[in-house]
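So the chains spell out like this:
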Amino acid sequence: MSTTALYNDQGGAEPAVEASQESAPAAGAAFGLFSADFKKNEDLKEMLESNKESLKLEAMKRVVGLIAKGKNASELFPAIVKNVASKNIELKKLVYVYLVRYAEEQQDLALLSISTFQRALKDPNQLIRASALRVLSSIRVTIIVPIMMLAIKEAAADLSPYVRKTAAHAIQKLYSLDPEQKEQLIEVIEKLLKDKSTLVAGSVVMAFEEVCPDRIDLIHKNYRKLCNLLVDVEEWGQVVIISMLTRYARTQFTSPWKEGAAVEEDYNKAFYDSDSEEKKDPEGAKPYTMDPDHRLLLRNTKPLLQSRNTAVVMAVAQLYWHLAPKQEVNVVTKSLVRLLRSHREVQYVVLQNIATMSIQRKGMFEPFMKSFYVRSTDTTHIKTLKLEILTNLANEANISTILREFQTYVKSQDKAFAAATIQAIGRCATNIGEVTDTCLNGLVLLLSNRDEGVVAESVVVIRKLLLTQPTQHSEIIKHMATLFDKITVPMARASILWLMGEYCERVPKIAPDVLRKVAKTFTAEEDIVKLQAVNLAAKLYLTNSKQTTLLTQYILNLGKYDQNYDIRDRTRFIRQLIVPSDKSGNLNKYARRILLASKPAPVLQSAFKDRDRFQLGTLSHSLNSKAAGYQELSDWPAVAPDQSVRNVEVIEPVNEWAPLVGKAKPPESDEKFYSDEDRDKKDDSSDSSDDDDDDSSSSSNEESGSSSDEESDKRSTDSGKSSGESESSSGESESERKKKTKKAQAGKRKQSTADSSDSDKSDDDPMTEGSGSSSESYSSETDSNSESVPAAVQQRKNDVKSKPKGGDGAKKEVSLLDLDDFLVPPTNTTKSSALSPSLLSDLEGLSLSGVSATTQVTIPTFGPVKCYELLHHMSGKGLSAKYHFPRQPCLYGPGMVAVQVTLSNCCERPLEEIHVRQSSPAALKIHSFNPIERLDPEASVTVSLGVDFNDSTQAANFQLCTKEDGFGVSIQPAVGELLTPCALSETEFCTQQSKLRGMNETSATISTATADSSSQAVAERVLSVANVGSVASSETGLLRFAGRTVSSQVLVLILVDAGAALLTVHSEKSVMASMLLRDLKRALVQA
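Thresholds applied
Residues numbered from 1 in each chain as written. Predicted model: local features only at pLDDT ≥ 70, side-chain atom pairs only at ≥ 80, totals over all residues. Heavy atoms only, no water. Pairing = 2+ DSSP bridges. Helix = DSSP H or I, 4+ residues; strand = E, 2+ residues; numbered from the N terminus. Axes fitted to C-alpha atoms, helices over the stretch in contact; angles between N-to-C directions. Polar contact = N/O pair within 3.5 Å; in protein donor to acceptor, adjacent residues only side chain to side chain. Contact = heavy atoms within 4.5 Å. Phe/Tyr/Trp six-rings, centres within 6.5 Å; stacked < 30°, edge-to-face > 60°. Buried < 20%, exposed > 50% of the residue type's maximum accessible area, 1.4 Å probe, protein only. Lys NZ or Arg CZ within 6 Å of the ring centre and 35° of its normal. Patch = residues over 30% accessible without salt bridge, like charges linked within 9 Å, V, L, I, M, F, W, Y side chains within 5 Å. Areas by Shrake-Rupley, 256 points an atom, 1.4 Å probe, with all protein chains shown as cover. Salt bridge = Lys/Arg side-chain N within 4 Å of Asp/Glu carboxyl O. Parallel < 35°, antiparallel > 145°, perpendicular 65-115°, else oblique. Nonpolar A, V, L, I, M, F, W, Y, C, P; charged D, E, K, R; others polar. Core = buried A, V, L, I, M, F, W, Y, C linked by side-chain atoms within 4.5 Å. Arc of directions from axis to C-beta. Left-handed = near helix turned anticlockwise from the far one by under 90°.

Peer 1: Any details on the sheet that holds strand 3 (residues 897–905)? Residues and values, ideally.
Peer 2: The antiparallel open sheet is built from five strands, whose spatial order is 1-2-3-7-5. On the outer flanks of this sheet lie strand 1 (868–871) and strand 5 (925–927), each paired with one strand and no other. For this sheet, the mean inter-axis angle between neighbouring strands, taken without regard to orientation, is 30 degrees. Taken together, the three bridges between strand 1 and strand 2 (residues 879–884) define a ladder with antiparallel strand orientation. When the bridges of strand 2 are listed, E869 appears paired with K882.

Peer 1: Any chance you could break down the pairing of strand 8 (residues 956–961) for me, citing the residues and the numbers?
Peer 2: Relative to strand 8, strand 4 (residues 911–917) runs antiparallel, the two being bridged by three bridges. Bridge assignment links V916 to a residue of strand 8, and that residue is L960. The sheet contact formed by strand 8 and strand 9 (residues 966–971) spans six bridges and is antiparallel. Following the sheet pairing, N957 is matched in strand 9 by S970.

Peer 1: Account for the side chain of E502, with residues named and values stated.
Peer 2: Residue position: E502 is located in helix 30 (residues 490–502). There is a polar contact of 3.5 Å between the side chain of E502 and the side chain of K539. Once residues lying within four places of it in the same chain are set aside, the contact partners of E502 are K539, A597 and K599.

Peer 1: I'd love a proper account of the environment of H220, names of residues and values included.
Peer 2: If you trace the backbone, H220 turns up in helix 15 (residues 217–220). Note: C-alpha distance between H220 and Y248 (28 residues apart in sequence) is 9.2 Å. What H220 contacts, discounting residues up to four positions off in sequence, is Y248, Q252, V645 and R646. Here the side chain of H220 touches Y248 through a polar contact of 2.7 Å, side chain to side chain.

Peer 1: Quick rundown of the packing of aromatic side chains? Include the residues and the values.
Peer 2: Within the structure shown, the criterion is met by 13 aromatic pairs. Residues Y409 and F417 carry aromatic rings whose centres are separated by 5.2 Å and whose planes lie at 50 degrees to one another, so their mutual orientation is tilted. Where F614 meets Y630, the ring centres are 5.7 Å apart and the plane angle is 75 degrees; that geometry is what we call edge-to-face. Within this pair, whereas F614 is found in the loop between helix 35 (591–595) and helix 36 (619–623), its partner Y630 is found in the loop between helix 36 and helix 37 (668–673), the two being separated by 16 residues in sequence. Exposure class is identical for F614 and Y630. Each is buried. Positioned above the aromatic ring of Y102, the side-chain terminus of R101 is 4.4 Å from the ring centre.

Peer 1: Go over a nonpolar patch on the surface with me, naming the residues and quoting the values.
Peer 2: The grouping of L587, Y590 and I594 at the surface amounts to a nonpolar patch, some 270 Å² of accessible area in total. Counting through the fold element by element, Y590 comes out in the loop between helix 34 (565–578) and helix 35.

Peer 1: Mind laying out the packing of helix 32 (residues 527–543) against helix 34, listing which residues take part and the relevant values?
Peer 2: Axis separation between helix 32 and helix 34 bottoms out at 10 Å; the angle between their running directions is 5 degrees. Between helix 32 and helix 34, the angle is such that the two are roughly parallel. Contact with helix 32, carried on its side by D527, K530, L531, V534, N535, A538, Y541 and L542, involves D566, I567, R570, T571, I574 and I578 of helix 34 and no other residues of that element. Among the residues forming the contact of helix 32 with helix 34, the class breakdown is eight nonpolar, two polar and four charged.

Peer 1: Could you give an account of the side chain of D123, with specific residues and numbers?
Peer 2: Relative to the helices and strands, D123 is located in the loop between helix 9 (114–120) and helix 10 (126–138). Residue classification places D123 among the buried residues on the basis of a relative accessible area of 15%. For D123, the side chain forms a polar contact with the main-chain nitrogen of N125, separated by 2.8 Å.

Peer 1: Go over the nonpolar core, please, and point to the residues and values.
Peer 2: A general trend in soluble globular proteins is that nonpolar side chains are found buried together. The biggest cluster of nonpolar side chains holds 198 residues, and the ones touching the most others in it are Y98, L99, L336 and F406. A per-element tally of this core places helix 21 (residues 310–323) first, with 10 residues. L336 has contacts with M314, A317, V350, I354, M357 and F365, leaving out every residue within four places of it along the chain. Of all hydrophobic cores here, the second largest spans 58 residues; its members include L871, V897, I932 and I971.

Peer 1: Account for helix 29 (residues 474–482), with residues named and values stated.
Peer 2: Of the positions making up helix 29, those classed as buried are I476, I477, M480 and A481. Buried residues along helix 29 cover an arc of 140 degrees about the axis, so they all sit on one side. Tucked inside the fold, the buried residues of helix 29 contact helix 27 (436–446), helix 28 (452–466), helix 30 and helix 31 (510–520).

Peer 1: Account for the sheet that holds strand 9, with residues named and values stated.
Peer 2: A sheet is described by the order of its strands in space; here four strands give the open sequence 6-4-8-9, paired in antiparallel fashion. Both outer strands of the open sheet, strand 6 (932–935) and strand 9, are each paired with one neighbouring strand and no more. Across the sheet, the mean angle from the axis of one strand to that of its neighbour is 30 degrees, orientation sign disregarded.

Peer 1: Which residues make up the environment of S880, and what values do they have?
Peer 2: In this fold, S880 is placed in strand 2. Owing to a relative accessible area of 12%, S880 belongs among the buried residues under this scheme.

Peer 1: Explain the packing of helix 5 (residues 53–68) against helix 7 (residues 89–102) to me, using residue names and the numbers behind them.
Peer 2: Between helix 5 and helix 7, whose axes approach to 9 Å, the crossing angle comes to 35 degrees. Here helix 5 and helix 7 pass one another in a crossing that is left-handed. Residue-level contacts link E53, K56, L57, M60, K61, V63, V64 and I67 of helix 5 to E90, L91, L94, V95, Y98, R101 and Y102 of helix 7. Here the residues of the contact of helix 5 with helix 7 sort into 10 nonpolar, no polar and five charged.

Quick look at the structure:
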C-alpha cells in the first residue's frame, strides 16, 4: 500500500505507462505497475544519458509532451540538466523549456549548472540567451540575486529585442524575490522604457506596473513614444500600456467633462481670442482646450477598437470612458456590441461593463437594443446581465417593446431568469410612471401562474409597487390574501403578512382571518414568516383589539419560547410595547406611532448602480469589491501640470560646414565676382575649371578601384599642373592673386551647381572655395606636423572668413606634391569628419611610390558597389531613391556610417522641397542632407546621409518627403558595412588575436572547393562582404583582415585558413561576430 501511495504522489500511473510502451510489451508494463522494483521513466533516463543526439532529442520531446499533459517529470531533472551544455540547438531549447518549469522546485541541482547558464547568456543564438536568462530568473534563491541583477543589466543592453523583452520579464521575478533591489531595477526599467522596439514596450511597462507604478516621472519622456508605438505592440502589451496610460492621463490632464464647455483644439485658441471679449465677460468660464498629448492618446488608441483581441478592445473602451469627452465616447459602442458574438466568458465581462455604462449614458446603447435580447442558448448569468441592460435602456419610447419581450421571458423554463424578469418589470414600473398600472396588472395576472416561484416573486414585487399608490389597489391586497394558503415560498408569505399589517385598516375583515391562519402553522413557519406574524399581530392589536386580542397573546406566547433568539427578543419587545404594564411605563403611548408610521416607497435600483467607483474592465469591477493590487484612478487635477516635461530634446550635430545639396547659388555671386575690369581674364578661370574637371575624374576613378598606369600618369600630370600654377602665382602682385582666386571660386561654384549628378562636389561648396586658402591650410599642417585634419579645415575656414594678407606668403611655398605626407591609415581617416569623399579620393590619388609601408592605406578593392532600393517610384509618386554604402569616412561624425542616396524624378512634373523628416524621437541618430529645392523630371541627384547605427543591424527608419507627400523608408545595413578598415602588421594581428580567444572567438568550416580557390578570389569575396583592411601575411594559405566597428571602435579580426578550411572571426562583440561569420561563409561558398 505504501508503494502505491508513493507512486501516486509522483504523478500517477499514466506517465509510467506511456514511458514504458516503447521499451516493453504491454503485459510486462502492466505487471510492472504492481512490482516493488518498478522504476518510473527508466527508458527516458537511458535515452537522455545515451551518446546519440537523436535519442536525447526524442526523449526531450516526450518529456515536454508529459509536461504539456500536466504530468510530473521532476524526477528526470538530474538526467536532463546534464544536457544543458549540448551543442545541438534544438535539444538545448527543449532543455531550457524543461528547466524553466522545474528550476524553482529543484533549486539545488539547478545551482550546480549556474555557470553553464551564465555562459549561455553570451551565446550567439538569441533564443538561447533569452532562455538562459529565463531559467536563471526562475531559480528562487536569494544567494544568486547579484548574478541575476548583472545578467538583467547585460540583457537590457542586448542587440536582440527578444532578449531585452526577456530581461523585462526577469525584472518582475527578481523584484518578487528581493524587493530591496528596487532602486537598481528602476534604473534598468528607465533604460528599457527608452527602447524603440515594439517587442520590448509591453513587457517593460508591465515591469513598471509591478515594481514602481507610482514613478510617473519615468513616463514623461516616453509618453509620446508609447502612444505612437501602441498600434504595433503585441496585443497583451497593448492592454498593459493602455491601462498604464489611463492612470497617467488622469494625473496629467484636466477633465474634458466640464458642463457647458465645448472641446476646442489648442491651435484655435489664439485665432478666436480677443481682448474685447475678455473684458466683456471677465468672470465667464474659459472654454475647455484639450491638451495635444491628451488628443494624441485618444487618436492613437481609436484604431485598436478593430483589434481581434477582446481584451484590447475592452481596454480602449475603458480608456475612452474614463478620458474622452462625453460626445466622443460613443465610438466604442459598436466595438463592444461586436464582442457579444464571442465566447460566453467574454460576453459576461463585456456585458458587466456595458451594464455599468448604460446606467449613466443610456443613449450609447439604445440603437443596439436588439443585440441585448435574450437567446435560448444563453446561460443564466448572460441572460440576467442582458435583462439588466434592457431595464437600464427602458424609457417612454421603447418600454412597450421591452415589456413585450419581458412577457416572453417570464414563461422561461429557467426559474431564476423568470424571477429576475419579474424584478425587472417592477423596476420599469417604478422608473416610468406611465406604465406603473400596466405593470401592476400584469403582475397580478402572474399570481395565477402555475409556477410557484413566479407567483412568489410577483407577490414580492407587487408589495413594493403598492407602496406607491396604496389607496387605489385594495382589491389587489384582497386577492393576495386569498393566495396565502397556496403560496409556500417563505419570502412571498412574509410579504403578504406585511401587506396585511401595513394596510389592515383598509381590509379590517380579511386581516384577522389571515392572522388566524398563520397562528395555526406558526411553529412550522420559517423565521422570516414568524417575524412578520408577530408584527401583524401587534398592528391588529392596536387597530382591532376586540377580534385579535386572544390571537395576539397566543402568538406572543409561542414566540416567547421559540428556538430563534431573534424571534424571542422581538416577542418580548412587542409585548412591552403594546401591552401596558408597570415596567413599560409610557412606552405604550407611542406604540401606534412606532408600528403604524407611514413608510416611504422603496426605490428599485440596479445592482450595478455603485460599480462605477471601480475602473471598468478590472477584476474589482467584476467582483464589485476591491481586489488585491487594484490601483484607483485619481481625480482630474484642477490645473494641468506642466506639459513641457513630455518634450524630448533631439540633439542634432553642429552644422557649421553642412553641405548644401541641390541648392543653386544666388546669381548675385556671379555678378559680384565678374566685374568689368576682370572680364579680360575670364579665360584663366575657365582653365582652372578644366583642371578641376580632371581632378574630379581622377578621384572617381580612384573610388571605383581602378589602378591603371594611364590614370596614374594622368593624376601625376594633373598634380604637376596644379603645382606649376601654385608656383607661378608667387611672382604676381597681391591684387592680381586675389582677383584670380575669386574667379576660380566662381567657376567652381558654377560647375558644381550645374553637375547635379555629383552630390559630393555640390556638397563641398563651402570647402572648395579658394584654392589658395586650401593650400595655405595644408602648408601650415605640414609645418606643425601635429594638427589633425579637422583642425586644418577649421583653420582654413577661418582664413577664408578673415582673409589676412599675411596668408599669401605661405601659399607661395607650397606644392601639392607635399600632400602625400598627410596620408594616414583608415583608423585616423574616420575621424576626419570635415573631408568629403571626393577630396579624400584626390588625396589618395596623389600618393607616390616612395611612401613608406607603415603609412599605406588599406583600401579594399572589389567589384561594383551594391545598390539597394530605398523607395520605388510607384510608392513615391514619381520619386525614386536608391542607396549604397560608399565605405568612406562620414562627413558628419566619426561614429556615423556614410550612406549615399540617389534621388530620381520619374514623373513628368518637377518635385520640390525634397527633404528628410525624422521620427520624433528619432530611433537612430541620422544626419540628413539639406533640402533639395527642385528636382526636374528625369533628373537625378546623389546626396549623402550619416547614420549612427550603434554597431547594430537595426534599420534606420525615417521619412523621405516632398512638398506634398511623405514616404516612410528604412535603411537596413549589412553587418559588414558597420566596419572601417584598420591597418595592422602581422605581429600586431597575432597579438590582438591571442587576446580575443574563448567567448570572443567564432569559427566555422568552409567547403574544400572554397579553400582551394585562389587567395585573390577569397580576398575579393571577404572584402565584398566586410569593409576591412587586408593584413600582410608571411604564411601561405592564411589570409588576415582587420577592421574596427564604426561606432564603438571595437577591433574585429578575420582569419581565413585555406589549409584547415576554417573561417574565424575574433571580436568582443560576439553577436556581431556571429552575424559577420554567417555572411562571410555564405559569400565564400560562392567564390
